[in-house]
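Fold and contact review
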2 protein chains.
Amino acid sequence: MTVASEFEQANKSYVDQFTKGSLPLPPARKVAVVVCMDARIDPAAALGLTEGDAHVIRNAGGRATDALRSVIISQRLLGTREIVVIHHTDCGMLTFTDEGLRKIVEDETGQNVDHFAFLPFNDLEKSVKDDVEFFKKNPLVLDVPVTGYIYDVKTGKITQV
Amino acid sequence: MTVASEFEQANKSYVDQFTKGSLPLPPARKVAVVVCMDARIDPAAALGLTEGDAHVIRNAGGRATDALRSVIISQRLLGTREIVVIHHTDCGMLTFTDEGLRKIVEDETGQNVDHFAFLPFNDLEKSVKDDVEFFKKNPLVLDVPVTGYIYDVKTGKITQV
């Protein structure tokens with residue numbers, strides 16, 4: 001049995017209690033949140049978001065460069081005017097290097113991935129600061145408030161960097 | 001008052017009732033879900049996910065190409081062995097073209113973004129099929145089950161494509 005079929009079952013309960021109806025396309029709270037894909041983080045629960053509130057952009061590490069396309073669309077077409085960046089303790093991105101992962105992928109697939117940037121980091125606080133700065137300085141991004149946090153996976157707490 | 005400061009307030013309640021403790025880094029259900037960043041979708045609620053279950057990768061449109069880096073990390077370093085792709089009705093990606101958005105960004109910023117692919121689509125069912133195929137055929141992605149769905153923002157229901 002696939003996890004997908006389990007999702008279909010779980011979705012039936014969600015549909016049965018769904019009361020949101022027709023929400024507008026632009027996020028009500030005009031914010032885009034960039035968060036790591038980590039399984040232990042539930043951004044809606046941890047930040048008090050409900051359906052319709054915010055764009056939630058997630059990737060490995062919650063990296064800003066990888067989120068740029070989405071942030072441009074979020075701001076230019078859908079009116080968000082604030083960015084929140086959230087990285088977290090015990091992140092997988094702290095456990096490897098580009099060279100190391102390139103070798104794993106090349107060994108396992110036979111493909112040359114020398115061009116591939118996996119965007120790991122070795123300093124959590126610095127990665128948050130770097131990604132906040134990336135958005136603040138990128139000429140394609142609007143001049144809006146950008147706030148960075150570290151999420152503690154053991155406590156659920158966010159702490160501003 | 002920024003939305004970020006509202007998040008800090010809301011996070012206090014989350015921390016007060018947080019009981020997850022030390023969950024493992026690899027996702028318990030060994031699945032990576034690729035979903036649009038749309039504000040109206042709460043993947044955890046809609047799919048029955050809890051903290052620790054799944055990698056959740058989100059970007060504008062829920063596009064596969066944009067999620068490739070994250071999926072490689074998810075599979076090669078963190079053991080996921082299934083992919084679920086979810087696009088949705090009334091998606092912002094159906095409302096523009098690359099040419100149109102490039103012109104908006106160039107007009108507003110003075111930057112040349114002719115190189116930039118914003119990855120819009122004009123056929124929702126096809127975009128899901130394309131992105132499922134992208135993962136199935138990409139040599140850097142493991143041969144695992146890949147299932148595609150359309151999420152209906154008016155009902156909360158997922159329908160397999």
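As the structure is a computational prediction, the values presented were derived from the model and not from experiment.

Analysis parameters
- Residues numbered from 1 in each chain as written.
- Chains lettered and ligands numbered in written order.
- Predicted model: local features only at pLDDT ≥ 70, side-chain atom pairs only at ≥ 80, totals over all residues.
- Heavy atoms only, no water.
- UniProt positions renumbered as here; feature names shortened; annotations may be inferred.
- Helix = DSSP H or I, 4+ residues; strand = E, 2+ residues; numbered from the N terminus.
- Buried < 20%, exposed > 50% of the residue type's maximum accessible area, 1.4 Å probe, protein only.
- Contact = heavy atoms within 4.5 Å.
- Least-squares fit on C-alpha atoms with pLDDT ≥ 70 in both.

**Here we look at the UniProt feature "binding site: Zn(2+)" (unreviewed entry) in chain A**
Those places that UniProt annotates as "binding site: Zn(2+)" (unreviewed entry) correspond, in this numbering, to C36, D38, H88 and C91 of chain A. Across 56 residues in sequence, these annotated residues keep their C-alpha atoms within 8.6 Å of one another, forming a single compact spot. Along the chain, the position of D38 of chain A falls in the loop between β1 (31-36) and α2 (43-47). The exposure class of D38 of chain A is buried, given its relative accessible area of 3%. Once residues within four sequence positions are removed from consideration, D38 of chain A is found in contact with R58 and H88 of chain A together with L25, A54 and H55 of chain B. Looking at the element boundaries, H88 of chain A is found in strand β3 (residues 83-88). Setting aside residues no more than four positions away along its own chain, H88 of chain A makes contact with C36, D38, R40, I41, L124, I150, Y151 and V153 of chain A.

**Some words on the relation of the copies chain B and chain A**
If you rotate chain B by 180° and push it 0.0 Å along the axis, it lands on chain A with an RMSD of 0.0 Å. What the rotation and shift describe, once combined, is the action of a two-fold rotation axis. Identified as the residue of chain B closest to the rotation axis by C-alpha distance is R58 of chain B, at 2.3 Å. Interface overlap between copies: 100% of the residues of chain B at the interface are likewise at the interface in chain A, consistent with a symmetric, same-surface contact.

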